[in-house]
Amino acid sequence: MTEAPRPDTEFQIPDDLSGITAEQYRASLRHYPAGVTVVTLSAQKGPVGFTATSFASLSLEPPLVSFNIAHTSSSLSALLEAESVVIHFLGEHQQHLAHRFSRTAEERFTDRSLWTTLDTGEPVLHGTPIWLRTAVQQRIPIGDHTFVVGLVTRVHDNTDEKPAAAPLLYYNGRYYRPSSLGD
């Protein structure tokens, strides 16, 4: 079997973007729901974490995932040095964590009852239905964000057949829980 040619990876920006404002773009994307994750990592100054709604599964073989971080994030410098991260899929009961990890960095890990440390050093949040430990494979600066690719090295999943909590969703500036439309 022959391998398909790889696409050109050069990012091309059109000559004229004057018809698209940042406010218009942001307002449009607010109408696309996203799952809420918290990314945590260990840094020299202590634990670091942030809320991310850009999580995506990239590949099954090997198991790769991705997320984005803004270049203005207080967590960016630590992430650029990190070898691994833990990505927590928040449940509907963890809206308080989504808020906590979107506030100032100093407040995120002040409540020691909310987290512990894995044997590999990363902070892990208590009560999270699913989390993935990933080895950072690539960091790609693109636009005003950095795209991060991680290789999944450990999966924690206590959802069983019937999860104890629905996933937490972010839509139009608010948090939601999904409801079934039936089959």
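Predicted model, so just to flag it, every value in this text is computed and none were measured. (Residues numbered from 1 in each chain as written. Predicted model: local features only at pLDDT ≥ 70, side-chain atom pairs only at ≥ 80, totals over all residues. Heavy atoms only, no water.)

Could you give me a rundown of the pattern of salt bridges, with the residues and numbers involved?
The tally for this structure, following the rule as stated, stands at four salt bridges. Where glutamate 122 meets arginine 133, a salt bridge forms, and the shortest distance between an N and an O atom there is 2.9 Å. Note that glutamate 122 is positioned in the loop between strand S7 (115–117) and strand S8 (123–125) and arginine 133 in strand S9 (residues 130–142), a separation of eleven residues in sequence. This pair shows no difference in class: glutamate 122 is buried, exactly as arginine 133 is. (Salt bridge = Lys/Arg side-chain N within 4 Å of Asp/Glu carboxyl O. Helix = DSSP H or I, 4+ residues; strand = E, 2+ residues; numbered from the N terminus. Buried < 20%, exposed > 50% of the residue type's maximum accessible area, 1.4 Å probe, protein only.)

Pulling in residues and values, what's your account of the environment of leucine 168?
Residue position: leucine 168 is located in the loop between strand S10 (145–157) and strand S11 (169–171). Leucine 168 sits in the buried class, given a relative accessible area of 3%. Sequence separation between leucine 168 and glutamate 92 is 76 residues; the distance between their C-alpha atoms is 4.3 Å. In this structure leucine 168 touches Ala34, Gly35, Val36, Leu90, Gly91, Glu92, Gln94, Gln95, Ala98, Tyr175 and Tyr176, once residues within four positions along its chain are discounted. (Contact = heavy atoms within 4.5 Å.)

Mind laying out unusual backbone geometry, listing which residues take part and the relevant values?
A cis geometry characterises the amide bond from glutamate 61 onward to proline 62, with omega recorded as 0°. Locating proline 62 in the fold gives a position in the loop between strand S4 (56–59) and strand S5 (64–70). We note that asparagine 172 has phi near 50°; this positive angle belongs to a residue other than glycine. Tracing the sequence through the fold places asparagine 172 in the loop between S11 and strand S12 (174–176). The class for asparagine 172 is partly exposed, based on a relative accessible area of 32%.

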